[in-house]
Amino acid sequence: MSLKAGIVGLPNVGKSTLFNAITKQQALAANYPFATIEPNVGVVTVPDKRLDFLNEMYKPKSLVPTAYEFIDIAGLVKGASTGEGLGNKFLSHIREVDAVVEVVRCFENSDITHVEGGVDPIRDIEIINTELILSDLEIVENRIARMGKKAQMTKDKQELLEIGTLNKCKEALENNIPLRRIDFNEDELSVMRGFQFITSKPIIYVTNVSEEDIAVGRNEYTDRVSKYADEEGAGVIVMCARIEEELASLSNEDRELFMTDLGITNSGLDKLIFETYDLLGLATFFTAGTDECRAWTFKKGMKAPKCAGIIHTDFEKGFIRAEVMSYDDLVTYGTELKVKEAGKVRLEGKEYLMQDGDIVYFRFNV
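Keep in mind that this is a model prediction, so the values were computed, not measured. (Residues numbered from 1 in each chain as written. Predicted model: local features only at pLDDT ≥ 70, side-chain atom pairs only at ≥ 80, totals over all residues. Heavy atoms only, no water.)

### A short note on the overall build of the protein chain
The cut-off we apply is this: Comment: elements are numbered from the N terminus, with helices defined as DSSP H or I runs of at least four residues and strands as E runs of at least two. Exposure categories follow from relative accessible area, calculated using a 1.4 Å probe and restricted to protein chains: below 20% of the type maximum is buried, above 50% is exposed, and the middle band is partly exposed. Note on contacts: a residue pair is in contact if any heavy atoms of the two residues lie within 4.5 Å. Exposure was quantified through the Shrake-Rupley algorithm and a 1.4 Å probe, taking into account, for residues, occlusion by the shown protein chains and nothing else.
Helix and strand counts for the protein chain come out as 15 helices and 12 strands. With 366 residues in all, the protein chain has 48% of them scored as buried. Across the protein chain, contacts joining residues at least 24 apart in sequence account for 70% of those joining residues at least 6 apart. Counting every atom, the protein chain has about 18,100 Å² of accessible surface; 48% of that belongs to carbon and sulfur.

Printed below as a string of structure tokens:
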């Protein structure tokens, strides 16, 4: 599955520094607005100790972790929805992502310019959210205008569904409510997918703090962001992007020592990756053998044939059954043979809902 998360925020809040840390690439991170003009794209692997265990057990020729893309998008400014800054260029990039990671500056530093003149995370969040709402509202209003009187006179069920959905979106957006906070049924959601509304995407706020605050894990600014996020059901991660960039350049051993010295037990990046993964409603199944051990990303609630199709469309078309064992059972019994002897390998059909940690062999016939 091709999955994307977009890193967004006002200029000079730490987006590109965070991106460098996540991807271990050196995207331009300069102390001036619009240092990032084209979106920088990097593939992020999801840390998973289960895959390390499978690697030790099977000694495969190839080891493939699950991954998705993080996209660093140019800084947004007030008025972007009407073309200010990089305006529509920014907004076209963000429409293509599955989730939004909004970086919010929660540190004081007189050497780093703030485009709005001072640190105020809630103001910054509302600037961005307002621009995104206005951008979605423009799309809704343009579509309603194009449908015109036909929308009022039509008896076509699909057209009635579309205009009803658009009016529901319009009402929310005019009241400054992101579409992710509105309940839509499946038919309405199917209409909305074609428009790629930005405010319908799930969001995580990354509060970028100073090195002094990272050991404590909070400050007055992050507390305000947490309260704001709670009210809209969004996630919050506290991290220091500069430290994360340093950690990303170290060996695993040095990284652990550095985190110990800092008084932190988990990398902020790992937290962000897992939080984003969870936010998108994703899980992982595995295929394992001496040729390859691989982690595969799937949406929670997907059935076995759909998951087979993630590997190859032919697997879904010709699906017969899935031979499944759980990762926990493999750890408990020690070998695949012992799992089978214990009767823990299951034969599952087309209605089986895949579970996180399933180790599966798909049987198919084309």
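### Focus on empty space enclosed by the protein
Our working rule: Cavities and pockets were defined on a 1 Å grid built from protein atoms only: a cavity is a group of points that admits a 1.4 Å probe but offers it no way out, a pocket is an open group of points flanked by protein on both sides within 12 Å along at least five of seven lines, and a lining residue is one with an atom within 4 Å of any such point. Grid points are joined across faces, edges and corners, and a volume is the space filled by probe spheres set on the points.
The full count for this structure, using the stated rule, is one cavity of 30 Å³ or more. Around the largest cavity, the lining residues are Asn129, Leu132, Ile133, Pro178, Arg180 and Thr199.

### Regarding helix H1 (residues 15–23)
In terms of residue burial, H1 counts as a mostly covered element, since nine of its nine residues are buried. Regarding H1, the residues found buried are Lys15, Ser16, Thr17, Leu18, Phe19, Asn20, Ala21, Ile22 and Thr23. Positive phi shows up at Lys24, right after H1, with a value of about 60°.

### Observations concerning the sheet that holds strand S4 (residues 67–72)
Strand pairs in the sheet, formed through backbone hydrogen bonds, run parallel or antiparallel to each other. Let me state the cut-off plainly: Strand pairing is assigned whenever DSSP detects at least two bridges linking the two strands. Each axis is a line fitted through C-alpha atoms, and for a helix only the stretch in contact is used; angles between axes span 0 to 180 degrees, taken between their N-to-C directions.
Read across the sheet, six strands follow the order S2-S4-S1-S5-S6-S7 without closing on themselves; strand pairing throughout is mixed. In this open sheet, the two edge strands, each paired with only one partner strand, are strand S2 (40–45) and strand S7 (235–239). Direction aside, neighbouring strands of the sheet carry axes that sit 25° apart on average. Of the strand pairs in this sheet, strand S1 (residues 4–8) and S4 are connected by four bridges, and their pairing is parallel. Following the sheet pairing, Ile7 is matched in S4 by Asp72. Packing of helix H8 (residues 220–232) onto the sheet brings it into contact with strand S5 (99–105), strand S6 (203–208) and S7, and relative to S6 it is tilted by some 175°.

### Quick word on the confidence of the model for the protein chain
Just so we agree on the cut-off: Each residue carries a pLDDT score, the predictor's own confidence in it, on a scale running from 0 to 100.
The pLDDT averaged across the protein chain works out to 86; a share of 88% of its residues lies at or above 70. Between residues 30–34, whose pLDDT stays under 50, and residues either more than four places distant or in other chains, the model counts 14 contacts.

### Comments concerning the packing of aromatic side chains
Spelled out, the test is: Only the six-membered ring of Trp is used, alongside the rings of Phe and Tyr, when aromatic pairs are assigned; centres must lie within 6.5 Å, and planes under 30 degrees apart are stacked while those over 60 apart are edge-to-face, with the rest tilted. In this scheme, Lys NZ or Arg CZ marks a charge over a ring once it lies within 6 Å of the ring centre and within 35 degrees of the ring normal.
Here the structure, examined in full by the defined rule, presents eight aromatic pairs. Ring plane angle 50° and centroid distance 5.8 Å describe the contact between Phe285 and Phe298, whose orientation is recorded as tilted. Here Phe298 lies in strand S9 (residues 292–299) and Phe285 lies in strand S8 (residues 282–287), a separation of 13 residues in the sequence. Take Phe285: its relative accessible area is 0%, and that puts it in the buried class. Residue classification places Phe298 among the buried positions, given a relative accessible area of 1%. Taken together, a centroid distance of 6.0 Å and an interplanar angle of 90° make the contact between Phe285 and Phe362 edge-to-face. Of this pair, Phe285 sits in strand S8 while Phe362 sits in strand S12 (residues 358–364); the two residues are 77 residues apart in sequence, bridging distant segments of the chain. Taken together through their ring pairs, the aromatic side chains of Phe285, Trp296, Phe298, Phe319 and Phe362 make up a single cluster. Looking at Arg105, its charged tip hangs above the ring of Phe107, at a distance of 4.6 Å from the centre. Looking at Arg294, its charged tip hangs above the ring of Trp296, at a distance of 4.0 Å from the centre.

### Some thoughts on unusual backbone geometry
Phi angles above zero are rare outside glycine, and Asn12 is one such case at about 65°. Here Asn12 shows up in the loop between S1 and H1. Residue classification places Asn12 among the buried positions, given a relative accessible area of 12%. One non-glycine residue, Lys59, lies in positive phi territory at about 50°. Assessed through its relative accessible area of 55%, Lys59 is described here as exposed.

### Details of the nonpolar core
In globular proteins that are soluble, nonpolar side chains generally tend to be buried together. The line we're drawing: Only buried Ala, Val, Leu, Ile, Met, Phe, Trp, Tyr and Cys residues count toward a nonpolar core, and they belong to the same one when joined by side-chain atoms within 4.5 Å.
Of all hydrophobic cores here, the largest spans 58 residues; its most connected members are Leu18, Phe70, Tyr205 and Leu272. The contact partners of Leu18, leaving out residues within four places of it in the chain, are Ile7, Val103, Val206, Met239, Ala241, Leu269 and Leu272.

### Considering the side chain of Glu348
Residue placement: Glu348 occurs in strand S11 (residues 346–348). Look at Glu348 and you get buried, because its relative accessible area is 18%. Glu348 has contacts with Phe319, Arg321, Ala322 and Val324, leaving out every residue within four places of it along the chain.

### Quick look at the pairing of S5
Burial runs high along S5: seven of the seven residues are buried. Residues Ala99, Val101, Val103 and Arg105 of S5 are buried on one face, and the alternating residues Val100, Glu102 and Val104, pointing to the opposite face, are buried as well. With four bridges connecting them, S1 and S5 associate as parallel partners. If you follow Val8 over to S5, its bridge partner there is Glu102. Relative to S6, S5 runs parallel, the two sharing six bridges. By the bridge assignment, Val103 is partnered in S6 with Val206.

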